[in-house]
Amino acid sequence: MLSTLSYSQVDSGKYTITADSFLVMMDKRNSEFINKPFAQFSIKTNNKKCSNRTLKGKVVFINFWFAACAPCMAEMDQLNRLFEHFKQYKNFEFVSFTFESPNEIALIKKKYNIHYNIFSISRDECYRLNNNNGFPTSIILNAAGYVKWIHSTDAVNEEEIKKYFAGEVYPLIVKEL
C-alpha cells in the first residue's frame, strides 16, 4: 500500500524521487529481513520485561512511534482497536517502542486510552530495531521470532489507515495465529 503524501517529492541532495517511490524502495529493502530472526534485544521498564525470550512462542505486533509524528498519532485509534481485538489470544503480544520520556508516554496513553505495553528506549535503539525505517513502523513476528512483515507508512487520513489495517495487518496476524 502506498500512501498519499502532503508533499510530492523528497530531495536527497543528489537526485529527486517521489515519496511513493521512496516507500517502494524501503519495502524492497525490508523484504531482505522477511523470514529472518528479529534483532536481539532486552528491555526492562517499570518492572516490565520485554525481550526476544519473553516473546518466544507468541505472534507479536511491534509498533514504533513518537509524539511529534503526525502519522504515528493518526494510527493510535487503529492500534488500540488492533490490541483490543487480539488481546484475547494467549499467543499474541502487542509491543510498542518509542524514544519518548516516561512522562510523555503517560500523556499519550491517557489521551488515546492505550492499554498495551509501551517501552521507552533510545532513538538509536528504535532505529536499530525497526531496520532504520523511521516512524511509524510496524513489524509482525511469528511465534518463532521471525520477521513476517515490516512496513512504514506516512498515512494521516483515517480511512486510509483503516483500510491499511483491515487489508494488511489483521489478515497477517490471523494467518500467523
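Residues numbered from 1 in each chain as written. Predicted model: local features only at pLDDT ≥ 70, side-chain atom pairs only at ≥ 80, totals over all residues. Heavy atoms only, no water.

Novice: Quick rundown of the nonpolar core? Include the residues and the values.
Specialist: If you look at the biggest cluster of nonpolar residues, it comprises 48 residues, and the most contacted ones within it are F61 and F97. In contact with F97, not counting residues within four places along its chain, are F41, I43, I62, N63, F64, W65, F119, I121, C126 and L129. (Core = buried A, V, L, I, M, F, W, Y, C linked by side-chain atoms within 4.5 Å. Buried < 20%, exposed > 50% of the residue type's maximum accessible area, 1.4 Å probe, protein only. Contact = heavy atoms within 4.5 Å.)

Novice: So what's going on with the side chain of E100? Which residues, and what values?
Specialist: Relative to the helices and strands, E100 is located in the loop between β6 (92–98) and α5 (102–112). The charged side chain of E100 is buried without a salt bridge, its nearest counter-charge being R123 at 7.3 Å. With near-sequence residues (within four places) excluded, E100 lies in contact with W65, F66, A67, A68, I105 and S120. (Helix = DSSP H or I, 4+ residues; strand = E, 2+ residues; numbered from the N terminus. Lys, Arg positive; Asp, Glu negative; His and termini not counted. Salt bridge = Lys/Arg side-chain N within 4 Å of Asp/Glu carboxyl O.)

Novice: Which residues make up the environment of K162, and what values go with them?
Specialist: Relative to the helices and strands, K162 resides in helix α7 (residues 158–176). The exposure class of K162 is partly exposed, given its relative accessible area of 31%. Taking the C-alpha atoms as reference points, K162 and E75, separated by 87 residues in sequence, lie 8.7 Å from one another.

Novice: Could you give an account of the state of the cysteines, with specific residues and numbers?
Specialist: Here the structure, examined in full by the defined rule, presents one disulfide. Each disulfide pairs two cysteine sulfurs, and for C69 the partner residue is C72, the sulfurs being separated by 2.4 Å. Disulfide C69-C72: the torsion about the S-S bond is 75 degrees, which places it as right-handed. Grouping residues by exposure puts C69 and C72 together as buried. Free of any disulfide, C126 has its nearest cysteine sulfur in C72, 10.0 Å distant. Using a relative accessible area of 0% as the deciding quantity, one classes C126 as buried. (Disulfide = S-S within 2.5 Å.)

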